[in-house]
Amino acid sequence: MPPNRPAYLLSALLLAAAAAAVGARRHASPAANATFAGEPVYLWPLPKSVSSGSRTLTVDPDLALDPQGLGGRSPAVAEAFQRYRGLVFAPWAHAARAGRARYDVTRLTVVVASANDTLALGVDESYAIYVAAAGGVDSIVGGAIIEANTIYGAIRGLETFSQLCVFNYDTKNVEVHNAPWHIQDEPRFAFRGLLLDTSRHYLPVDVIKQVIDSMSFAKLVPTYPNLWKGSYSKWERYTVEDAHDIVNYAKKRGINVMAEIDVPGHAESWGNGYPKLWPSPICTEPLDVSSDFTFEVIFGILSDMRKIFPFGLFHLGGDEVYTGCWNTTPHVRQWMDERKMTTKDAYKYFVLKAQELAIKLNWTPVNWEETFNSFEENLNPLTVVHNWLGPGVCPKVVAKGFRCIMSNQGVWYLDHLDVPWEDVYSGEPLAGISDREQQKLVLGGEVCMWGETADTSDVLQTIWPRAAAAAERLWSQLEAISAQDVETTVLSRLHRFRCLLNHRGVAAAPVTNYYARRPPVGPGSCFVQ
């Protein structure tokens, strides 16, 4: 099986490998934590298709990258390989390489068909992994191959390969158990998001980067820090350079950054710099719907942000708009009367005008569900409706031909600290939608880390490990998820993934705390649960 062929068809790798494998066992479902002859191997999130054997391979501490295909030599692949090699071997740097030791896996061949590094919604993230059994007829040069159509599929494959690698404290080797491995994988939903709210508390850029790193471990992708909602002090501001840095940092990990300006209801802080945006000194929210200056500022902000955020979706908010003070502000009241508008009409006017401005800049507008609930018949057909108030919204949205993102607050609001991981895991974006064409309109979902009670001191342990439960729901095939026993199979893998996060420096809280982010209640092992 030559390692330098292009990855035109991922299935070709698995079919050839399955035909050649000796002693390999194929599972009907991706039971990636099944107990084998040796210690079980835990993968999170579950891959789409898995087969494995019963042999143990050693991995060379000097593991080399063999890039193949048009995209294999891209800097992004090389950087990702170095990151993951560091994650696999760095904790065990004290274990010196044996002088004449022979290793089974000495080279990781990464074959990437395309060199296109465009990171758009729906980019191909599929990949295949083949780890050969030492000395078998299926052996390949170097021992391991990742094949992908894009560099982002390769990055996802590197994460899964890194989870196959386990340190043996007796032999001081990094090992791959249960070889040969054949894995074929792709995400169930294109949009798998984490909202990071930086408006309630400032989060330093390094903390945002930590969140981005941890998202890549769970294959959870788009995120949008609310970077432009104002600052509490001159030390708590994001510069344009900060925003560029975050976007570039995320892209290298296959993560898009979607920005949000929440208008007209959550933009009160804008008036600190431009008081004319307020209807009056005592009516500071929502923004002044009657003023052309309001929309000049919005378009100026959007134009500036378009230079920073290449992602095709832009969030315009539109939630929790309390319009009462428009009625009591004389010039706004007059403006509405002249146009025979109610405050609901004015709200609709504002949202639709903001949408037009975003579309002019080649953005697809995303709005919270209140806009759909209030005037669905007037929304631009391009609109992506973002659910949050409760269940049953996406079925109504897709029935009207709009696309939907699920963030049902009952299960996917991480600031709700009493929601256990099982409830997060049970959140299903396609609930109540049986029509296959309508199912395609559900882009995916997003867990929301609202920041009223989270800052640098506790944000990571509030996000993790519950966000990982949603990540698997959004990545793995529904049939595989449904076939598992949540209290045994899933729980044991989630415990292990939380330990993996801790070992990688991510402050993930214990899995089974009733109240999220609470520390352990007593002594004990992270791994022995």
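Residues numbered from 1 in each chain as written. Predicted model: local features only at pLDDT ≥ 70, side-chain atom pairs only at ≥ 80, totals over all residues. Heavy atoms only, no water.

**Q** Account for the packing of aromatic side chains, naming residues and giving values.
**A** Overall, the coordinates contain 15 aromatic pairs when judged by the stated rule. For the pair F314 and W363, a centre-to-centre distance of 4.3 Å together with 40° between the ring planes defines the contact as tilted. Highlighted residues: F314 in strand β11 (residues 313-315) and W363 in the loop between α10 (343-360) and β12 (364-368), separated in sequence by 49 residues. With respect to burial, F314 and W363 carry one shared label: buried. Linked through ring pairs, W44, W421, Y425 and F497 together constitute an aromatic cluster. (Phe/Tyr/Trp six-rings, centres within 6.5 Å; stacked < 30°, edge-to-face > 60°. Helix = DSSP H or I, 4+ residues; strand = E, 2+ residues; numbered from the N terminus. Buried < 20%, exposed > 50% of the residue type's maximum accessible area, 1.4 Å probe, protein only.)

**Q** Just give me the short version of the UniProt feature "active site" (unreviewed entry) in the protein, but keep the residues and values in it.
**A** The feature "active site" (unreviewed entry), as given by UniProt, occupies E320 in the numbering adopted here. Counting through the fold element by element, E320 comes out in the loop between β11 and α8 (324-327). On the basis of relative accessibility, which here comes to 26%, the residue E320 falls in the partly exposed class. Discounting residues that sit within four places of it in the chain, E320 has contacts with G265, H266, E370 and W388. (UniProt positions renumbered as here; feature names shortened; annotations may be inferred. Contact = heavy atoms within 4.5 Å.)

**Q** Explain the pattern of salt bridges to me, using residue names and the numbers behind them.
**A** Evaluated as defined, the whole model comprises 19 salt bridges. The partner of K48 in a salt bridge is E186, with the nearest N and O atoms 2.7 Å apart. Here K48 is found in the loop between β1 (25-26) and β2 (49-52), whereas its partner E186 is found in the loop between β9 (181-185) and β10 (191-196), with 138 residues between them in sequence. The partly exposed category is assigned to K48, whose relative accessible area is 37%. Across the pair K400 and E376 runs a salt bridge, and its minimum N-O distance is 3.5 Å. Taken together, the residues span a long stretch of sequence, with K400 in the loop between α12 (393-399) and β14 (403-406) and E376 in the loop between α11 (369-375) and β13 (384-386) at a distance of 24 residues. (Salt bridge = Lys/Arg side-chain N within 4 Å of Asp/Glu carboxyl O.)

**Q** Break down helix α19 (residues 486-503) for me, citing the residues and quoting the values.
**A** With 18 residues, α19 extends 24 Å from end C-alpha to end C-alpha; this agrees with the ideal 26 Å at 1.5 Å per step. Looking at the buried side of α19, the elements it contacts are α4 (151-164), α5 (205-217), α14 (421-426) and α17 (466-475). Regarding α19, its N-cap is D485, as a side-chain oxygen of that residue lies 3.2 Å from the backbone nitrogen of E487 further along. At the C-terminal side of α19, G505 shows a positive phi close to 90°. (Expected span 1.5 Å × (residues − 1). Polar contact = N/O pair within 3.5 Å; in protein donor to acceptor, adjacent residues only side chain to side chain.)

**Q** Explain the nonpolar core to me, and be specific about the residues and the numbers.
**A** Grouped together as the largest cluster of nonpolar side chains are 137 residues, with contacts concentrated most on V131, F161, L302, I463 and W464. Counting residues in each nonpolar core, the second largest holds eight residues, with M258, V384, I405 and L443 among its members. (Core = buried A, V, L, I, M, F, W, Y, C linked by side-chain atoms within 4.5 Å.)

**Q** I'd like a rundown of the state of the cysteines, residues and numbers included.
**A** All chains considered together, the criterion is met by three disulfides. Put simply, C394 and C404 are joined by a disulfide, and their sulfur atoms are 2.1 Å apart. Measuring the twist about the S-S bond at about -70°, one finds the C394-C404 disulfide to be left-handed. Taken together, the positions of C394 in helix α12 and C404 in strand β14 put the pair ten residues apart, joining distant regions of the chain. Judged on exposure class, the residue C394 and its partner C404 are both buried. If you count the bonded cysteines of the protein from the N-terminus, they pair up as 1-2, 3-4, 5-6. (Disulfide = S-S within 2.5 Å.)

**Q** Just give me the short version of the sheet that holds β13, but keep the residues and values in it.
**A** One open sheet accounts for six strands, arranged β10-β15-β14-β13-β12-β11; its pairing is parallel. What marks the edges here is a single partner per strand, and that holds for β10 and β11. Each adjacent strand pair in this sheet contributes to an overall mean axis angle of 30°, direction not counted. Taken together, the three bridges between β14 and strand β15 (residues 442-449) define a ladder with parallel strand orientation. Bridge pairing links C404 to V442 in β15. (Pairing = 2+ DSSP bridges. Axes fitted to C-alpha atoms, helices over the stretch in contact; angles between N-to-C directions.)

**Q** Can you lay out the pairing of strand β5 (residues 127-131) for me, pointing to particular residues and giving the numbers?
**A** Counting buried positions along β5 yields five of five residues, so the element is predominantly enclosed. As judged from the five bridges shared by β5 and strand β6 (residues 143-148), these two strands associate in the antiparallel manner. Bridged to Y130 within β6 is I145. Sheet topology note: the β5/β9 ladder contains five bridges and is antiparallel. Note that in β9 the partner of I129 across the bridge is I183.

**Q** Tell me about the packing of helix α7 (residues 292-306) against α10, and please be specific about residues and values.
**A** Where α7 contacts α10, the two axes come as close as 10 Å, and the packing angle between them is 35°. Here the hand of the crossing between α7 and α10 comes out right-handed. Here T294, F295, I298, F299 and L302 of α7 lie close against α10, whose contacting residues are Y349, F350, K353, L357, A358 and K360. Per-class residue counts for the contact of α7 with α10 are eight nonpolar, one polar and two charged. (Left-handed = near helix turned anticlockwise from the far one by under 90°. Nonpolar A, V, L, I, M, F, W, Y, C, P; charged D, E, K, R; others polar.)

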